Amino acid sequence: MVAPASVELPTHQKTFAASIIEGRIANILVEPGQKVRAGEVLAEIDSQQLRNLQLDLLQAQAKLKWTENSVRRLKPLADKGYTAAKELWRLETDLKNLRQSVSSLTRKLSFVGLSSEAIERISNDSLAESDTHNSVINTLPIRAPSDGWVAEFDLVPGEIVRPHDRLFEINDLSTVWVEGYVFEEDATYIRKGQHVVVSFSAQRGLRVKGTVVRLAPSLNSKERVLRVWIELETSKRFLREGMFARIEISVQKSKGKLAARQSKK
């Protein structure tokens, strides 16, 4: 039995790298088909929003230090009645709010992907010296979420991306499936565990063995075909999702059914 098919990758073997923040593609550091490791930098995003968050953190820290010094100076005076306690209470409230603001901005920077070392460097800087020490980071790395191979992508430098846009797809090619389309009259002969030979239009002469691992619960109502999935026994790194294939399944048909089928032809 021969049927058309196409290469498919199981859903759990696909992961996606996305930007958490809006920005512009500054650099692309990988190519389609390249093998990458989890955490490897795929691209860099230039983001004004990232710079604003860092400047907000520097400003909040400057206000926090000034308020801490004011509270430290006024507390002994308020205890002796030399200054109004109301003013001290107001500064202590401001101090509490500023500490929460600094903590919130630090978490946001960590969430968008800034490293703990970079955040610490900003935290140890001051607003007045930020330009001198060049602590503000302009670009954010987009890292691979898992080991695998980079799928085809159409990103270009300068392109604007938004939060949660899928920028790169990483494929784990350790196991590849082929989805076949068996016609209705042949569907009754298909079983899980059957051995299959798969050939590919783009790879002349290549024949790979596989096994039927899954069958659709019902026929496709429009095309009257049964979808079947074959797991290839040998991993082929050059196989790509969507490639056209051809499956050959050895089945045993009764003579009566075979004769009836031949008579129809």
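For the structure given in this document, a descriptive report is provided here.

Rules of the game
- Residues numbered from 1 in each chain as written.
- Predicted model: local features only at pLDDT ≥ 70, side-chain atom pairs only at ≥ 80, totals over all residues.
- Heavy atoms only, no water.
- Pairing = 2+ DSSP bridges.
- Helix = DSSP H or I, 4+ residues; strand = E, 2+ residues; numbered from the N terminus.
- Core = buried A, V, L, I, M, F, W, Y, C linked by side-chain atoms within 4.5 Å.
- Buried < 20%, exposed > 50% of the residue type's maximum accessible area, 1.4 Å probe, protein only.
- Contact = heavy atoms within 4.5 Å.
- Salt bridge = Lys/Arg side-chain N within 4 Å of Asp/Glu carboxyl O.

Within a regular beta strand, the side chains point alternately toward one face of the sheet and then the other, so they alternate between its two faces. Here five bridges tie strand 2 (residues 14–18) to strand 9 (residues 166–171), and the two strands are oriented antiparallel to one another. From the neighbouring strand, Ala18 faces strand 9, where its bridge partner is Arg166. Here strand 7 (residues 148–150) runs beside strand 9; their pairing, made up of two bridges, is antiparallel. When the bridges of strand 9 are listed, Trp149 appears paired with Asn171.

Residues Val178, Val198, Phe200, Ile230, Leu232 and Ile247 are the most contacted members of the largest nonpolar core, which totals 29 residues. At the level of secondary structure, the elements contributing two or more residues to this core comprise strand 1 (2–8), strand 10 (177–183), strand 11 (195–200), strand 12 (203–215), strand 13 (225–232) and strand 14 (244–249). Considering each element in turn, this core owes the most residues, five residues, to strand 13. If sequence neighbours within four positions are ignored, Val198 has contacts with Val178, Leu206, Arg207, Val208, Ile230, Leu232, Ala245, Arg246 and Ile247. One finds Leu91, Ala118, Ile122 and Val136 within the second-largest nonpolar core, a separate group that totals 24 residues.

This part takes up the pattern of salt bridges. Counted according to the given criterion, the structure contains 10 salt bridges. Arg37 serves as the salt-bridge partner of Asp147, at 3.5 Å between the closest nitrogen and oxygen. In this pair, Asp147 is assigned in the loop between strand 6 (139–143) and strand 7 and Arg37 in the loop between strand 4 (35–36) and strand 5 (41–46), connecting sequence segments 110 residues apart. According to the relative accessible area criterion, Asp147 is partly exposed, its value standing at 40%. In this structure, Asp46 and Arg51 form a salt bridge, with 3.5 Å as the shortest nitrogen-oxygen distance. Connected through salt bridges with shared partners, the residues Glu87, Arg90 and Asp94 form a single ionic network.

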